[in-house]
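# Per-entry structural report
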Amino acid sequence: MICGSIFSRPATWRRLFLYEIEIASCDRCHQKFERAEDSFDFSDFIGTAYEGAVDQVTSFYAYNDAMKNYLHQYKFLQDIALAGVFAREINELLRIKQGMVVPIPMHPEKLKERTFSQVEELLSKAEIPFQNLLVKTTSSVQGKKSKKERLEAGILFESIKDVQPVHYILFDDIYTTGATIHHAAKVMKDAGAKSVEAITLIKG
């Protein structure tokens, strides 16, 4: 789906007897993506209202040139088919997680402009069930703000459905300063969530 080349996967016993989501990119393209580091710095949130909102964050890939090009084509050129490129990896991780998956929502105005929710499409292609428990209350784009502006922004979300005292998994496309994830996690915990972790495709 990335380079447009024709390729086929060799037959294996696993593919014969176990259902697996088909890989949507060739090895040459996939090797251009770099795995993200495991460490996340939450120090900017110490002493703020968002301290302790997120219990854990996991990201699949770093934001290198290959990922930058992928994200631009997927989100801004609206190439919705590219949601399937990482479907197997997202499925393999989230299907073993114990918790309800909640996608980070888009503001209705932004959704109308983009024509689809890139976060929900990633989950749908990965065949991961999810619940929409949050609504975004501002249409401002976090990516255009400085780190300081993001950290000082007011609450970006509100809960729209009952939140149970269980574990929730926030899912988003990219983690940059962490403001979006921490804001969403605080809303979830204030509404009654027992614990909140976050998983993102990319670590910026």
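Notes on the structure in this doc start here. Numbers given for residues are sequential positions, taken from 1 along each chain in its written order. Reporting of local features is limited, given that this is a predicted model, to residues whose pLDDT is at least 70; pairs of side-chain atoms are given and counted only at 80 or more, and all residues count toward the totals for whole chains, interfaces and linings. With hydrogens and water set aside, each side-chain value is computed from the structure's full complement of heavy atoms.

### Notes on the overall build of the chain
Here a strand is any run of E in DSSP of at least two residues, a helix any run of H or I of at least four, and the numbering for each starts at the N terminus. Along its length, the chain carries eight helices and six strands. Reading the chain from its N end, one meets helices and strands in the order α-α-β-α-α-β-α-α-β-α-β-β-α-β. Burial classes follow relative accessibility: with a 1.4 Å probe on protein chains only, a residue under 20% of its type's maximum area counts as buried, one over 50% as exposed, and anything between as partly exposed. Buried positions account for 43% of the 204 residues belonging to the chain. Contacts spanning at least 24 positions in sequence make up 78% of the contacts within the chain whose residues lie at least 6 apart. Surface summary for the chain: the accessible area is close to 11100 Å², and the carbon and sulfur share equals 51%. The criterion used for residue contact is that any of the two residues' heavy atoms lie within 4.5 Å. With residues, only the protein chains shown are counted as cover, and all accessible areas are computed by Shrake-Rupley using a 1.4 Å probe.

### Observations regarding the packing of helix 3 (residues 65-76) against helix 6 (residues 118-125)
In this analysis an axis means a line fitted to C-alpha atoms, helices contributing only their contacting stretch, and an angle means the value between N-to-C directions, from 0 to 180 degrees. Two elements in contact, helix 3 and helix 6, have axes whose closest approach is 10 Å; the angle formed by their N-to-C orientations is 105 degrees. Viewed along their axes, helix 3 and helix 6 adopt a mutual orientation that is roughly perpendicular. Contacts between helix 3 and helix 6 involve Tyr70, Tyr74 and Lys75 from the first element and Gln118, Glu121 and Leu122 from the second. Here the contact of helix 3 with helix 6 is built from residues that sort into three nonpolar, one polar and two charged. When describing relative orientation, an angle under 35 degrees is termed roughly parallel and one over 145 degrees roughly antiparallel, while 65 to 115 degrees is termed roughly perpendicular and anything else oblique. Residue classes follow a fixed rule: Ala, Val, Leu, Ile, Met, Phe, Trp, Tyr, Cys and Pro count as nonpolar, while Asp, Glu, Lys and Arg count as charged, and any other residue, Gly among them, counts as polar.

### Some words on the pattern of salt bridges
Basic side-chain nitrogens of Lys or Arg form a salt bridge, by our definition, when they fall within 4 Å of a carboxyl oxygen of Asp or Glu. On inspection of all chains with the given rule, the structure shows six salt bridges. Of the charged contacts, one joins aspartate 173 and lysine 75 as a salt bridge, the two residues approaching to 3.1 Å between their closest N and O atoms. Residue aspartate 173 is located in strand 5 (residues 167-175), and its partner lysine 75 is located in helix 3; the two are separated by 98 residues in the primary sequence. You can call aspartate 173 buried: its relative accessible area is 3%. A salt bridge links lysine 97 to glutamate 197; the nearest nitrogen and oxygen atoms lie 3.2 Å apart.

### As for the nonpolar core
Residues grouped as a nonpolar core are buried Ala, Val, Leu, Ile, Met, Phe, Trp, Tyr and Cys residues, joined through side-chain atoms within 4.5 Å. Core analysis: the biggest nonpolar cluster contains 28 residues, and Tyr70, Phe86, Ile90, Leu94, Leu122, Phe171 and Leu201 have the highest contact counts within it. Looking at this core, the elements with two or more residues in it are strand 1 (56-62), helix 3, helix 4 (87-94), helix 6, strand 5 and strand 6 (195-203). Of all the elements, helix 3 adds the most residues to this core, at five residues. For leucine 94, the contacting residues outside a window of four places in its chain are Val101, Leu123, Ile128, Ile169, Phe171 and Ile199.

### Examining unusual backbone geometry
Phi at threonine 115 takes a positive value of approximately 80 degrees, unusual for a residue other than glycine. Given the relative accessible area of 56%, threonine 115 is considered exposed.

### Side note on helix 4
Within helix 4, the full set of buried residues consists of Ala87, Glu89, Ile90, Asn91 and Leu94. Of the surrounding secondary structure, the elements contacted by the buried residues of helix 4 are helix 2 (27-30), strand 1, strand 2 (100-103), helix 6, strand 5 and strand 6.

### Notes on the side chain of histidine 107
Looking at the secondary structure, you find histidine 107 in the loop between strand 2 and helix 5 (108-114). Note on histidine 107: relative accessible area 14%, which makes it buried. Look past the residues within four positions of histidine 107 in its chain and what remains in contact with it is Lys136, Thr137, Thr138 and Ser139.

That's the geometry; what it means functionally is another story.
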